[in-house]
Amino acid sequence: MRLQLISAAAIGALCGSRPAATTLAFVPSTSSSSSATYSAARPQPLFMSTTEDAAAAASAVLPKPGTAEIDVPWSDLGFEFRATKSHLKMTWTESDGWGGAELVGSPYVNLHIGATALHYGQSCFEGLKAFAHEDDTVHIFRPDENAKRLQSSCERLMMPPVPHDVFIQACKDVVKDNMAYVPPYGSGGALYLRPLLFGSGPRIGLQPADEYTLIILVIPVGDYYKGGLASPCDALIIEDFDRAAPRGVGNVKVAGNYAADLLPNMLGKKKGYPIGLYLDAQTQTNVEEFSTSNFVGIDNDAKKYVTPKSPSVLPSITNKSLMQIAADEGYEVERRDIPVEEMERFDEVLAVGTAVVVTPIGSATRLEEDSEAVKVKYEFSEEVGATTRKFYDIVRGIQSGEMEDKHEWNFKVE
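On a predicted model such as this, the values are computed, not experimentally measured, just so you know. (Residues numbered from 1 in each chain as written. Predicted model: local features only at pLDDT ≥ 70, side-chain atom pairs only at ≥ 80, totals over all residues. Heavy atoms only, no water.)

1. With respect to unusual backbone geometry
Our working rule: Burial here depends on accessible area, computed with a 1.4 Å probe over protein chains only, as a share of the maximum for the residue type. Under 20% is buried, over 50% is exposed, and the range in between is partly exposed. Helix and strand definitions follow DSSP, with helices as H or I runs of at least four residues and strands as E runs of at least two, each counted in order from the N terminus.
In this model, Q284 sits at a positive phi of 55°, which is unusual for a non-glycine residue. On the basis of relative accessibility, which here comes to 22%, the residue Q284 falls in the partly exposed class. A positive phi is found at V357, a non-glycine position, where the angle reads about 60°. Tracing the sequence through the fold places V357 in strand β19 (residues 357-367).

Take a look at the structure:
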């Protein structure tokens, strides 16, 4: 059965005539390959059709989370690539705008050798997670915020934004097709979604592409850092490399930001530090963010939650959620410059982000120049701090459906 996408809302949005509200649906056709289509013109349930095949698909029971066969127990998942059933693919062209969405089984991409993603780094991505609840329903955590952040990245790199509703529906559809790979409730894992948008059209002169491809791949994952919340990590303060320039692209999720961290990350790990902490590029006096996650400092006596405010820092959706949780719990939330020396006042320090969720930091070390001798070591809680544990339990409780979702952050996949 072939599913073809009618992207009237997407094309209308790019031409400035987007309807006020959009309902997306799969519209089956009779072709044999497996691809998907969203329709804004006629609201209808998924797989609605007069054909017997489509009726059977509509009534089919989705597999339960955690029923796929994988190479390790669900509770032992790390944060690494694992093959799943499919990924979702959409293509944008100058002539047609956003076209059909396909659910693709092969993990390979056929790409033009002149693609702007290869030559000029015109590529951005997102990260979000889907969680199984006790009743075996699956919910994606805050995909609306990822849709906004992806649009911000697109604007900075001169790429066509993915319409908000199209992005959310695409996320739901790829999760539905890979429901068996969602780690089961109680395993501590999640299905990680990686939307990737890149210039796939050929340009040799420096200019935007005439074609773009969106891929959403999914992977069952556990903790990013082995041990997760069980044991604090030691961080290395990175002084001989910068993550992003003040007026660069540090505040958007572009691929090149992470490529720049590969070398300092590897060098830090060789010295025994699993995570790096960057300072601001201009003055090297203020804390910016960790290699893959935002910085949070907790002052328990003053009951403060402090996180950097910088044009070079990526706005973390997990950090945004934790700021709201901290405020709900009576903490004063401060977004401001954080001088390096102020770290000695923090009782607990966290690295927060979609991949890591909340990772406690045991210490942050500054080394002597061209040496592995310790110059300054800021030490925090040797064990998981009480505030860290509380915030982690709340955000994970909301994600897993064990606590009230009063801010309506969970989007049910159905």
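2. Here we look at helix α5 (residues 164-177)
Going by this rule: A helix's residues, less one, multiplied by 1.5 Å, set its expected span.
For α5, spanning 14 residues, the distance from its first C-alpha to its last is 21 Å, which sits close to the expected 20 Å at 1.5 Å a residue. In terms of burial, α5 is largely enclosed, as eleven of its 14 residues are buried. Where α5 is concerned, the buried positions are V166, F167, I168, Q169, A170, C171, K172, D173, V174, V175 and K176.

3. Remarks on the packing of aromatic side chains
In this description, a pair of aromatic rings is defined by centroid distance and the angle of the planes. The condition is simple: Centre distance within 6.5 Å is the pairing criterion for rings of Phe, Tyr and Trp, where only the six-membered ring of Trp is used; planes under 30 degrees apart are then read as stacked, over 60 as edge-to-face, and the remainder as tilted. Any Lys NZ or Arg CZ that is within 6 Å of a ring centre and within 35 degrees of that ring's normal is treated as a charge sitting over the ring.
All chains considered together, the criterion is met by eight aromatic pairs. Between F141 and W409, the aromatic rings sit 5.8 Å apart at their centres with planes inclined by 85°, giving edge-to-face as the arrangement. You can see F141 sitting in strand β9 (residues 138-141) and its partner W409 sitting in the loop between α9 (386-399) and β21 (410-412), a full 268 residues away along the chain. Summarising the burial analysis for this pair, F141 and W409 share the class buried. Residues F295 and F346 carry aromatic rings whose centres are separated by 6.1 Å and whose planes lie at 55° to one another, so their mutual orientation is tilted. Here F346 lies in the loop between β17 (332-336) and β18 (348-353) and F295 lies in strand β15 (residues 294-299), a separation of 51 residues in the sequence. F346 shares its class with F295; the two are buried. What links up through ring pairs into an aromatic cluster is the set F290, F295 and F346. Stacked on the ring of Y331, the Lys or Arg K303 has its end atom at 5.2 Å from the ring centre.

4. Observations concerning helix α4 (residues 143-156)
Look at α4: 20 Å from first C-alpha to last across 14 residues, which is about the 20 Å you get at 1.5 Å a residue. P143, D144, E145, N146, A147, R149, L150, S153 and C154 are the residues of α4 that are buried. Downstream of α4 by one or two residues, M158 has phi in the positive range, about 55°.

5. Describing the pairing of strand β20 (residues 374-379)
Along any regular strand, the residues point their side chains to alternate faces of the sheet. Spelled out, the test is: In this scheme, strands are said to pair when DSSP sees at least two bridges between them.
Judged from the five bridges that link them, β19 and β20 form a sheet pairing that is antiparallel. Bridge pairing in β20 places R366 opposite V376. The turn joining β19 and β20, which pair antiparallel and follow one another in sequence, is formed by six residues; a positive phi near 55° is taken by D370.

6. Remarks on the confidence of the model for the protein chain
The criterion, for reference: By definition, pLDDT measures how confident the predictor is in each residue, and it falls between 0 and 100. A contact between two residues is defined here by any heavy atoms of the two lying within 4.5 Å.
Per-chain confidence: the protein chain averages 87 in pLDDT, with 85% of residues scoring 70 or above. In the predicted structure, residues 1-58 sits below a pLDDT of 50 and forms 123 contacts with residues beyond four places in sequence or in another chain.

7. Considering the side chain of R82
Inclusion rule: We define a polar contact as two N or O atoms separated by no more than 3.5 Å, with the added condition that, inside protein, one atom must be a possible hydrogen donor and the other a possible acceptor, whereas residues neighbouring each other in sequence contribute only through side-chain atom pairs.
Within the secondary structure, R82 sits in the loop between α2 (52-59) and β4 (87-93). What makes R82 buried here is its relative accessible area of 10%. At 2.7 Å, the side chain of R82 forms a polar contact with the side chain of D71. At 3.3 Å, the side chain of R82 and the side chain of E80 are in polar contact. When residues no more than four places from it in sequence are discounted, the contact partners of R82 are D71, V72, L77, V218, I219 and P220.

8. Here's the deal with the packing of α4 against α5
Rule in force here: A fitted line through C-alpha atoms serves as each axis, taken over the contacting stretch for helices, and the angle formed by two N-to-C directions is quoted from 0 to 180°. Should an angle fall under 35 degrees it is called roughly parallel, over 145 degrees roughly antiparallel, and 65 to 115 degrees roughly perpendicular, with every other angle called oblique. We call a crossing left-handed when the near helix sits turned anticlockwise from the far one by less than a right angle, and right-handed when that turn is clockwise. Three residue categories are used. Nonpolar comprises Ala, Val, Leu, Ile, Met, Phe, Trp, Tyr, Cys and Pro, charged comprises Asp, Glu, Lys and Arg, and polar comprises the others, including Gly.
At a minimum axis separation of 9 Å, α4 and α5 run at an interaxial angle of 125°. Overall, the two elements α4 and α5 adopt an arrangement that is oblique. Considering the relative orientation of α4 and α5, their crossing is right-handed. Facing P143, D144, N146, A147, K148, L150 and Q151 of α4, the residues of α5 in contact are H164, F167 and I168. Across the contact of α4 with α5, the residue classes break down as five nonpolar, three polar and two charged.

9. Here we look at a nonpolar patch on the surface
To keep things clear, this is the line we draw: Each patch groups residues whose relative accessible area exceeds 30% and which form no salt bridge, using 9 Å between like charges and 5 Å between nonpolar side chains of Val, Leu, Ile, Met, Phe, Trp and Tyr. Method for areas: the Shrake-Rupley scheme with a 1.4 Å probe, in which residue coverage is limited to the protein chains shown. Salt bridges, as used here, are contacts in which a Lys or Arg side-chain nitrogen is within 4 Å of a carboxyl oxygen on Asp or Glu.
Residues Y120, I204 and L206 make up a contiguous nonpolar surface patch of about 370 Å² in total accessible area. Of note, Y120 is situated in helix α3 (residues 116-120). Residue Y120 is classed as partly exposed on the basis of its relative accessible area of 37%.

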